[in-house]
There are 2 protein chains.
Amino acid sequence: MSLQTLLNIHHDISHIKSSCSTCSLRELCLPVGLNEEEIRVLGDIASHKRRISRSGYLYRAGSKFQSLFAIRSGFFKTCILEQDGRQQVTGFHMTGELLGLDAISTEIHTCDAIALEHSEVCEIPFAKLEEISRTIPSLMHHFHKIMSREIVRDHGVMLLLGSMKAEERLATFLLNLSRRFVMRGYSEYNFNLRMTREEIGSYLGLKLETVSRAFSKLQDENIITIDNKHVQINDIVRLKIKMGNSTCIT
Amino acid sequence: MSLQTLLNIHHDISHIKSSCSTCSLRELCLPVGLNEEEIRVLGDIASHKRRISRSGYLYRAGSKFQSLFAIRSGFFKTCILEQDGRQQVTGFHMTGELLGLDAISTEIHTCDAIALEHSEVCEIPFAKLEEISRTIPSLMHHFHKIMSREIVRDHGVMLLLGSMKAEERLATFLLNLSRRFVMRGYSEYNFNLRMTREEIGSYLGLKLETVSRAFSKLQDENIITIDNKHVQINDIVRLKIKMGNSTCIT
DNA sequence: TGCTTCGATTGATCTGAATCAAAGCGATTT
DNA sequence: AAATCGCTTTGATTCAGATCAATCGAAGCA
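Residues numbered from 1 in each chain as written. Chains lettered and ligands numbered in written order. Predicted model: local features only at pLDDT ≥ 70, side-chain atom pairs only at ≥ 80, totals over all residues. Heavy atoms only, no water.

> What should I look at first to understand the protein's contact with DNA strand D in this one?
Residues in contact with DNA strand D amount to 18 residues; listed here are only the nearest, Ala166 and Thr210 of chain A together with Arg197, Ser212 and Ser216 of chain B. Protein-proximal atoms of DNA strand D, defined as those within 4 Å of the protein, fall in sugar or phosphate at a share of 67%. Here a phosphate oxygen of DNA strand D sits 3.3 Å away from a polar atom, N or O, in the main chain of Lys207 of chain A. Glu209 of chain A places a polar side-chain atom, nitrogen or oxygen, 3.3 Å from a base nitrogen of DNA strand D. When residues of the surface near DNA strand D are assigned to their parent elements, the largest contribution, five residues, is made by helix α8 (residues 208-220) of chain B. (Near = heavy atom within 4 Å. Polar contact = N/O pair within 3.5 Å; in protein donor to acceptor, adjacent residues only side chain to side chain. Helix = DSSP H or I, 4+ residues; strand = E, 2+ residues; numbered from the N terminus.)

Spelled out as structure tokens, the structure:
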């Protein structure tokens, strides 16, 4: 697949929403189709909030699955530690998304969840969720939908990576992030990267040097621009999406 | 990760069960924890059977999601057709597994499901399943568990592939298949590959020549042996799993 | 202010997989 | 039996990405 083609596929990312810094439970739930009653009930059991500072663990691999977490603000990575000590990033999770799904079938967390910046989550005890779902069955149904959607979203991206080159992988990754930012109400093509080149590389199956080179190349080709060079893990990435033959803006 | 390490991880594949050629609904459901009543109810709505011959479509990408399919016998691949016409394999599915999950969040199938050999499936209309779940809520709950388990299983494998070399990818793939065969009651380390080198390569992000070379190398290293050479897509693969320093048998 | 640290960038070299090309085997057809 | 077809294997060459290595910029600290 040519990079051009790749970019064209995603040209539908074109509607801007206002910016928001923290995400209410309502904002998390409405797009999924929960009704007012369901949101109210959910609010009751999900009242407990936790703050995690940068590099802090939300949960660890091997620990018992007890809660799902709705990210109110911040950014997380999930990763597994391999036998040889290397850390493999399995996903990135942003404000407004659900965390903890890795354990849904095993009852045991299969990966670590680590904050990439100061973050705040809303804890949803799974036992309570199941309990309440006995009286409101649709609630669990909605949750399963959210869950499978998030799992499938990632899965789909990963599958396609197999046949791609470094530059295409990075572009796919950025477009995926972009789409998720837009969905959460952030501005269209400008966003901050909270993770390092190494973490991106781990996720995409590339080395950090290769990621860096791919970034440079995408800049040379005017596909992205990066402000604040060298501001570590805080680059502002501005995607210039090209449509057809013309170049459509930042 | 060294290949040796890789193989060690999976040394727990060590219990043999008897062989079975078709899988009853009961066999499919029991391991998941469904009780007799639930199985009976499920049997009522899942009575319709379909036979698909080699290369036949079970469903197509873009079609509306209506049913889940329990594979009673046979072997399927799921794949997506990219813009440029190339076919990307997204998964393999064997007797006793559930098919159709790709559409669970979108209501539209995202990939084609194609039989790799003459196969038989049991159709489970999703609408009926939802209807019945209203009176037996645990049923849908069980199903969601099966679904997330199957999705996560694949997802986990794919994520790890990123950092692996060709030989390791193939070994991981074979071990994954092996484990699934064992779970379904087939003998331990001997099984038939129903897919071509090209399909394996597509799934693993490798070219068919590379897959072929990796097979040869694994043979040279006595890690596998292949009988009936050149019997197309019908190789008998015998895995010799090595544990610790000693070599533990076929 | 200078020193250290962490991450990013860039260059040079090496290597594993893609690519191009040619046989090979088994099954099926004629 | 000969010819064809589909899939696999193997060899030679090329190239993308890994690896090794040096430098740099920004932030934090003594």
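> Looking at this structure, I do not really get the interface of chain B and chain A. What am I missing?
For interface size, the figure often reported is the accessible area lost on association. Counting residues at the interface gives 29 residues for chain B, matched by 28 residues for chain A. For the pair chain B and chain A, the two sides together bury roughly 2,800 Å², of which 60% comes from carbon and sulfur. Of all residues in chain B, the largest losses of buried area upon contact with chain A belong to Ser105, His155 and Leu159 of chain B, amounting jointly to 19% of the total for that side. If you look at where chain B meets chain A, you find zero salt bridges. (Contact = heavy atoms within 4.5 Å. Buried area = accessible area lost by both parts, 1.4 Å probe. Salt bridge = Lys/Arg side-chain N within 4 Å of Asp/Glu carboxyl O.)

> What is the right way to read helix α4 (residues 126-133) of chain A from this model?
Residues and elements named next belong to chain A. Taken together, the buried positions of α4 are occupied by Phe126, Leu129, Ile132 and Ser133. The buried side chains of α4 occupy one side of the element, clustering within an arc of 125 degrees when seen end-on. When the buried face of α4 is taken as reference, the exposed residues oriented beyond 90 degrees from it are Ala127 and Glu131. Contacts made by the buried residues of α4 are with α3 (36-45), β3 (67-73), β8 (119-125) and α5 (137-161). (Buried < 20%, exposed > 50% of the residue type's maximum accessible area, 1.4 Å probe, protein only. Arc of directions from axis to C-beta.)

> Explanation requested: empty space enclosed by the protein in the structure shown.
In this approach, a probe sized like a water molecule rolls over the atoms, and the result shows the empty space that is left. Under the counting rule described, the total for this entry stands at four cavities of 30 Å³ or more. Lining the largest cavity are 18 residues; nearest its centre among them are Met158 and Gly162 of chain A together with Met158, Leu161 and Gly162 of chain B. Every element with two or more residues in the lining of the largest cavity is listed here: α5 and α7 (197-204) of chain A together with α5 (137-161) and α7 (197-204) of chain B. Tallied by class, the residues present in the lining of the largest cavity amount to 10 nonpolar, six polar and two charged. (1 Å grid on protein atoms, 1.4 Å probe; cavity = no way out; pocket = protein on both sides within 12 Å on 5 of 7 lines; lining within 4 Å. Points joined across faces, edges and corners; volume = space filled by probe spheres on them. Nonpolar A, V, L, I, M, F, W, Y, C, P; charged D, E, K, R; others polar.)

> Sorry, what's going on with the relation of the copies chain B and chain A here?
Between the two copies of the chain lies a relationship made up of a rotation around an axis and a movement along it. Least-squares fitting of chain B to chain A yields an RMSD of 0.0 Å, with the superposition described by an axial translation of 0.0 Å and a rotation of 180 degrees. The superposition of one copy onto the other is thereby described by a two-fold rotation axis. Scanning chain B for the C-alpha nearest the rotation axis identifies His155 of chain B, at a separation of 3.0 Å. In this assembly, 97% of the residues forming the interface of chain B have copies in chain A that are likewise at the interface, indicating an isologous arrangement. (Least-squares fit on C-alpha atoms with pLDDT ≥ 70 in both.)

> What am I meant to see in the packing of aromatic side chains here?
The description of an aromatic ring pair uses the distance of the two centres, along with the angle that the planes make with each other. Throughout the structure, instances matching the rule amount to 10 aromatic pairs over all chains. Through successive ring pairs, a cluster of aromatic residues spans Phe92, Phe173 and Tyr203 of chain A. Over the ring of Tyr57 of chain B we find Arg60 of chain B, and its NZ or CZ is 3.6 Å from the ring centre. (Phe/Tyr/Trp six-rings, centres within 6.5 Å; stacked < 30°, edge-to-face > 60°. Lys NZ or Arg CZ within 6 Å of the ring centre and 35° of its normal.)

> I keep staring at the pattern of salt bridges and nothing clicks. Help me out?
Pairing between side chains of opposite charge can happen when the charged atoms of each approach one another. All names here are of chain A. In this structure the tally under the stated criterion is 14 salt bridges over all chains. We note a salt bridge from Arg72 to Glu120, for which the minimum N-O separation is 2.5 Å. Of this pair, Arg72 sits in strand β3 while Glu120 sits in strand β8, and the two are 48 residues apart along the sequence. Residue classification places Glu120 among the buried positions, given a relative accessible area of 11%. One network of salt bridges, in which partners are shared, links Arg51, Arg72 and Glu120.

> In this structure, what is going on with the confidence of the model for chain A? I would like to understand it.
Note that predicted coordinates carrying low pLDDT should not be read in detail. All names here are of chain A. The share of residues in chain A with pLDDT of 70 or more is 76%, and the mean pLDDT across the chain is 76. pLDDT under 50 marks residues 229-235. Its contacts with residues more than four places away, or in other chains, come to 17 contacts. With pLDDT under 50 throughout, residues 240-250 is counted as low confidence; its partners more than four residues away or in other chains account for 29 contacts. Two numbers describe this predicted complex: its pTM, 0.83, and its ipTM, 0.82. (pLDDT = per-residue confidence, 0-100.)

> Is there a simple way to think about unusual backbone geometry in this case?
A negative phi angle characterises most non-glycine residues, just as the trans form characterises most peptide bonds. For Ser55 of chain A, which is not glycine, the phi dihedral falls at a positive 75 degrees. For Ser55 of chain A, the position within the fold is in the loop between β1 (49-52) and β2 (57-59).

> Please explain the protein's contact with DNA strand C as it appears in this structure.
Not every one of the 17 residues close to DNA strand C is listed here, only the nearest: Arg197 and Ser216 of chain A together with Ala166, Lys207 and Thr210 of chain B. Of everything in DNA strand C that lies within 4 Å of the protein, sugar and phosphate atoms constitute 70%. The contact in question runs from a phosphate oxygen of DNA strand C to an N or O atom on the side chain of Ser212 of chain A, over 3.0 Å. At a separation of 3.3 Å, a base nitrogen of DNA strand C approaches a polar side-chain atom of Glu209 of chain B. Residue contributions to the surface near DNA strand C peak at five residues, all from helix α8 (residues 208-220) of chain A. Across the surface near DNA strand C, the residue classes tally to three nonpolar, seven polar and seven charged.

> Looking at this model, I keep getting lost on the sheet that holds strand β3 (residues 67-73) of chain B. Mind explaining?
By definition, the strands of a sheet pair up through backbone hydrogen bonds, in either a parallel or an antiparallel sense. All names here are of chain B. Reading across from one edge, β1-β8-β3-β6 is the order of the four strands in this open sheet, with antiparallel pairing throughout. If you trace the sheet from one side to the other, it starts and ends with β1 (49-52) and β6 (98-99), each paired once. Two elements, β3 and strand β8 (residues 119-125), share six bridges in a ladder whose sense is antiparallel. In the sheet register, Ser73 faces β8, and the bridge partner there is Glu120. The strands touched by helix α4 (residues 126-135) are β3 and β8; relative to β8, the strand with the most contacts, the crossing angle is about 45 degrees. (Pairing = 2+ DSSP bridges. Axes fitted to C-alpha atoms, helices over the stretch in contact; angles between N-to-C directions.)

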